[in-house]
Amino acid sequence: MEHHGMLIVISGPSGAGKGTLCGLLLEKDKNLALSVSVTTRLPRDGEKEGENYFFTSVEDFQEKIKNNEFLEWAKVYNNYYGTPREFVEKYLKDGRDVILEIDIQGAAQIKKNYPDAVFIFILPPDLEELKNRIIKRGSETLDSFNLRINYAREELRAIFMYDYVVVNDNLENALSKIQSIVSAERCRVSRNKSLIEFVNRRDRLI
Ligand code: ADP
Ligand code: 5GP
């Protein structure tokens, strides 16, 4: 019986904890796959090619846009980011659920082309904690820090495009809420095509 996986879009301001939560989610749920994006930003200390991102040049990124290699792409905080189409389509076809950790512009493109996707917005408890988390991560220059904080307000305005909001105050609580959302979405009748086919067949027998 053919079963297609679902797309799970996770967005939120930089430092909200998206990467941390996605990592934990993947450890606990083997049916989930994380889409690794292509980016023109430089690797942070400890980031690995093919694991965190596929790092590339602006020229190569633009070539990939031309070749329609992205499911969606956007310029975020002065760098390009894009979701490789081939990986995602293959996984969905194999029945795996795929997480896209992408910004609000990318989420809007996915919403248009994949209306069945699940959209989750991650919020920090407050702005002070958001700033503390970015500082604690130690990954940004002052300019990049300011860019991320200033953009947070604009990102928040896009929250109404999303289906769910999860406040990442306590990591365990936030993780458990996301797991519940994924679990409930998998139970939607509309996502269980084989069940619908089974019921239809039984109808014909009666
Ligand atoms: P994002 O991917 O949204 O930019 P990260 O996952 O990189 O955010 O998290 C930013 C920083 O905040 C990291 O240092 C991470 O360890 C920390 N962090 C994430 N979630 C929490 C939490 N619930 N409580 C405290 N610190 C957190
Ligand atoms: P960072 O540089 O902190 O890893 O990511 C910066 C922003 O880019 C985050 O909001 C992240 O969700 C977003 N992002 C990462 N990959 C993609 C992608 O493939 N597409 C889009 N549209 N945004 C992405």
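Everything that follows concerns the structure shown earlier in this document.
Right, let's walk through the structure included here.

Quick notes on the rules
- Residues numbered from 1 in each chain as written.
- Chains lettered and ligands numbered in written order.
- Predicted model: local features only at pLDDT ≥ 70, side-chain atom pairs only at ≥ 80, totals over all residues.
- Heavy atoms only, no water.
- Helix = DSSP H or I, 4+ residues; strand = E, 2+ residues; numbered from the N terminus.
- Rg over C-alpha atoms; globule rule 2.2 N^0.38 Å.
- Buried < 20%, exposed > 50% of the residue type's maximum accessible area, 1.4 Å probe, protein only.
- Contact = heavy atoms within 4.5 Å.
- Areas by Shrake-Rupley, 256 points an atom, 1.4 Å probe, with all protein chains shown as cover.
- Lys, Arg positive; Asp, Glu negative; His and termini not counted.
- Charge placed at Lys NZ, Arg CZ, Asp CG, Glu CD.
- Pairing = 2+ DSSP bridges.
- Axes fitted to C-alpha atoms, helices over the stretch in contact; angles between N-to-C directions.
- Core = buried A, V, L, I, M, F, W, Y, C linked by side-chain atoms within 4.5 Å.
- Salt bridge = Lys/Arg side-chain N within 4 Å of Asp/Glu carboxyl O.
- Phe/Tyr/Trp six-rings, centres within 6.5 Å; stacked < 30°, edge-to-face > 60°.
- Lys NZ or Arg CZ within 6 Å of the ring centre and 35° of its normal.

## Here we look at the overall build of the chain
The number of helices and strands found in the chain is eight helices and nine strands. For 206 residues, the compact-globule formula gives about 17 Å, and the C-alpha radius of gyration of the chain, at 18 Å, lands near that figure. Based on the C-alpha atoms only, the size of the chain along its principal axes is roughly 70 × 40 × 30 Å. Burial statistics for the chain: of 206 residues in total, 42% are counted as buried. Nonlocal contacts in the chain, meaning residues at least 24 apart in sequence, comprise 68% of its contacts between residues at least 6 apart. For the chain, the accessible surface area stands at approximately 11900 Å², while carbon and sulfur atoms represent 51% of it. Averaging the coordinates of the 30 positive side-chain charges in the chain and doing the same for the 32 negative ones gives two points 4 Å apart.

## Notes on the sheet that holds strand β9 (residues 164–167)
Two strands in a sheet stick together by hydrogen bonds in their backbones, pointing the same way (parallel) or opposite ways (antiparallel). If you trace the five strands from one edge of the open sheet to the other, you get β2-β7-β1-β8-β9, paired in parallel fashion. A strand with exactly one partner marks an edge of an open sheet, and here the two such strands are β2 (32–34) and β9. Neighbour-to-neighbour, the strand axes of this sheet turn through a mean angle of 25 degrees, independent of strand direction. Here three bridges tie β2 to strand β7 (residues 97–101), and the two strands are oriented parallel to one another. Across the sheet, residue leucine 34 finds its bridge partner in β7, namely isoleucine 99. Sitting on the sheet, helix α7 (residues 171–186) touches β1 (7–11), β2, β7, β8 (118–123) and β9, and the angle it makes with β9 is about 160 degrees.

## Details of unusual backbone geometry
A positive phi angle, near 45 degrees, is found at tyrosine 77, a position not held by glycine. Assessed through its relative accessible area of 14%, tyrosine 77 is described here as buried. Notably, asparagine 78 is not glycine yet its phi reads approximately 70 degrees, a positive angle. Looking at where asparagine 78 falls in the secondary structure, it is placed in the loop between β5 (70–76) and β6 (79–84).

## Details of the nonpolar core
One finds Leu7, Leu100 and Ile110 to be the most contacted residues of the largest nonpolar core, which totals 26 residues. Contributions of two or more residues to this core are made by β1, β4 (53–55), β5, α3 (85–93), β7, α4 (104–113) and β8. The contact partners of leucine 7, leaving out residues within four places of it in the chain, are Val88, Leu92, Val98, Leu100, Ile110, Tyr114, Ala117 and Val118. The next biggest cluster of nonpolar side chains, apart from the first, holds 23 residues, and it includes Met6, Leu21, Leu175 and Ile178.

## Structural notes on the pattern of salt bridges
This structure, assessed with the given rule, holds 15 salt bridges. Here glutamate 140 makes a salt bridge to arginine 44, at a shortest N to O gap of 3.0 Å. Of the two residues, glutamate 140 is situated in the loop between α5 (127–137) and α6 (142–157) and arginine 44 in the loop between β3 (37–39) and β4; the sequence distance between them amounts to 96 residues. With a relative accessible area of 21%, arginine 44 lands in the partly exposed category. With a closest N to O distance of 3.3 Å, arginine 137 and glutamate 140 form a salt bridge. A residue is classified by how much of its surface remains accessible, and arginine 137, at 38% relative accessible area, is partly exposed. Taken together, the shared-partner salt bridges in this structure form one network comprising Arg41, Arg44, Glu47, Arg137, Glu140 and Arg148.

## A few points about the packing of aromatic side chains
Per the counting criterion, the structure on display carries 10 aromatic pairs. An aromatic cluster is built from Phe61, Phe70, Trp73 and Tyr80, whose rings are joined through pairwise contacts. One cation-aromatic arrangement involves lysine 90 over tyrosine 91; the distance from NZ or CZ to the ring centre is 5.6 Å.

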